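Now for the letters of each chain:
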Amino acid sequence: MTIRLPGAGGALRAYEPRTEPFASAPGTPFTSRTVFSAAHVVADPFADASPDSPAAVDWDATLAFRRHLWAHGLGVAEAMDTAQRGMGLDWAGAAELIRRSAAEARAVGGRIACGVGTDQLTGGSLAEIRAAYEEQLAVVEEAGAQAILMASRALAATAKGPEDYLEVYGHLLRQAAGPVILHWLGPMFDPALDGYWGSADLDAATDTFLEVIAAHPDKVDGVKISLLDAQREIDLRRRLPRGVRCYTGDDFNYPELIAGDEQGFSHALLGIFDPLGPLAAEAVRVLDTGDVKAFRGLLDPTVELSRHLFQAPTRFYKTGVVFLAWLAGHQTHFTMVGGLQSARSLPHLARAYELADGLGLFPDPRLAEERMRNLLSLYGVNQ
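Conventions and cut-offs
- Residues numbered from 1 in each chain as written.
- Predicted model: local features only at pLDDT ≥ 70, side-chain atom pairs only at ≥ 80, totals over all residues.
- Heavy atoms only, no water.
- Helix = DSSP H or I, 4+ residues; strand = E, 2+ residues; numbered from the N terminus.
- Contact = heavy atoms within 4.5 Å.
- Polar contact = N/O pair within 3.5 Å; in protein donor to acceptor, adjacent residues only side chain to side chain.
- Buried < 20%, exposed > 50% of the residue type's maximum accessible area, 1.4 Å probe, protein only.

A short note on the environment of Trp91
One can find Trp91 in helix H2 (residues 91-108). A sequence separation of 29 residues divides Trp91 from Gln120, and the C-alpha atoms of the two residues are 5.9 Å apart. Each residue touching Trp91, except ones within four places of it in the same chain, is listed here: Arg85, Ile98, Asp119, Gln120, Glu135, Gln136 and Val139. A distance of 3.3 Å separates the side chain of Trp91 from the side chain of Glu135, its partner in a polar contact.

Some details on the side chain of His267
You can see His267 is positioned in strand S10 (residues 267-270). Using a relative accessible area of 11% as the deciding quantity, one classes His267 as buried. A polar side-chain atom of His267 sits 2.8 Å from the main-chain amide nitrogen of Thr34. Apart from residues no more than four positions distant in its own chain, His267 is found in contact with Ser32, Arg33, Thr34, Arg245, Cys246, Tyr247, Thr248 and Ile258.

Let's talk about the environment of Thr206
Summarising the element assignment, Thr206 is placed in helix H6 (residues 202-215). Among the residues examined, Thr206 registers a relative accessible area of 5% and is labelled buried. As for Thr206 and Asn253, which are separated by 47 residues in sequence, their C-alpha atoms are 19 Å apart. With residues up to four places along the chain from it excluded, the contact list for Thr206 reads Trp184, Arg232, Leu236 and Arg239.

Okay, here's the thing in structure tokens:
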């Protein structure tokens, strides 16, 4: 059986779906890399909500997806931008997500780290921004999770220069209960974060970032770099203090960054590992044996899908992630909080289906094909 998929020009092309999924099974914990998958939230499709309403979340399906990731050995990076922080999920919803996911992690023995930001605010003074960070940090620590200090839109709008970042982050690191992960999210993921660390010059911003870390190395477990620039990540990685990890957030170049070189490697905290979970876990276990070639053989073919999902405007990659979760059977619908299911075109989604199917990412290829056909029919594409 073939399915006709639309291209960017409107023409339909025939595609023959794969019949067997990629073979994967839960395995032993990773030994060579620490790997987190940022995870999406599942909307409640029956909630009478508008894009401006507080997020209506299907908690059972959302937590079930996290159990899926934990079962394959991946850690969960919770309440990050993949979970639509600031794009449909407000702080009240994120706080509930953190509490529920952290409790679930304790119940099943899963690893979890949670995003700490300032999305209670749209602006404010440095003192108000510090207080907002402190409120969120307290929620994460009380839940028993590791904290990820996320970039703040409010701080980006208020800070006058590098010294304001040094003051705010230094204050937070001094009071953090344990080592945190610092997250540098580039403007391609969130335009409001342009000029973060006090400069639009990335070299100057990097120096400030490293100054924050150097002042408190005992309070920084690692840094997550999401700039989609492999060489810049490698250069920064080589300048980190001993014992501070680099977690790649580069969804364009992750295989080479995780594999590393003679001077080191990156761990991972990636949104693309949401749809790639079982395959990514298998690849890391192969890397644990020292077989870099086989690791790259598994993970390199996934880059085309990742670059497709994360193409500009990059911040809308969440739509493709949730779309693939629906096709894979992790949820019963393709609905997102904030109505974000409309953020990508039909040709974009069709290509995502084709690439994911080619990788064997769908546990039930027939189910994925049926759901893809249903979506096509809604857009007026008759098979």
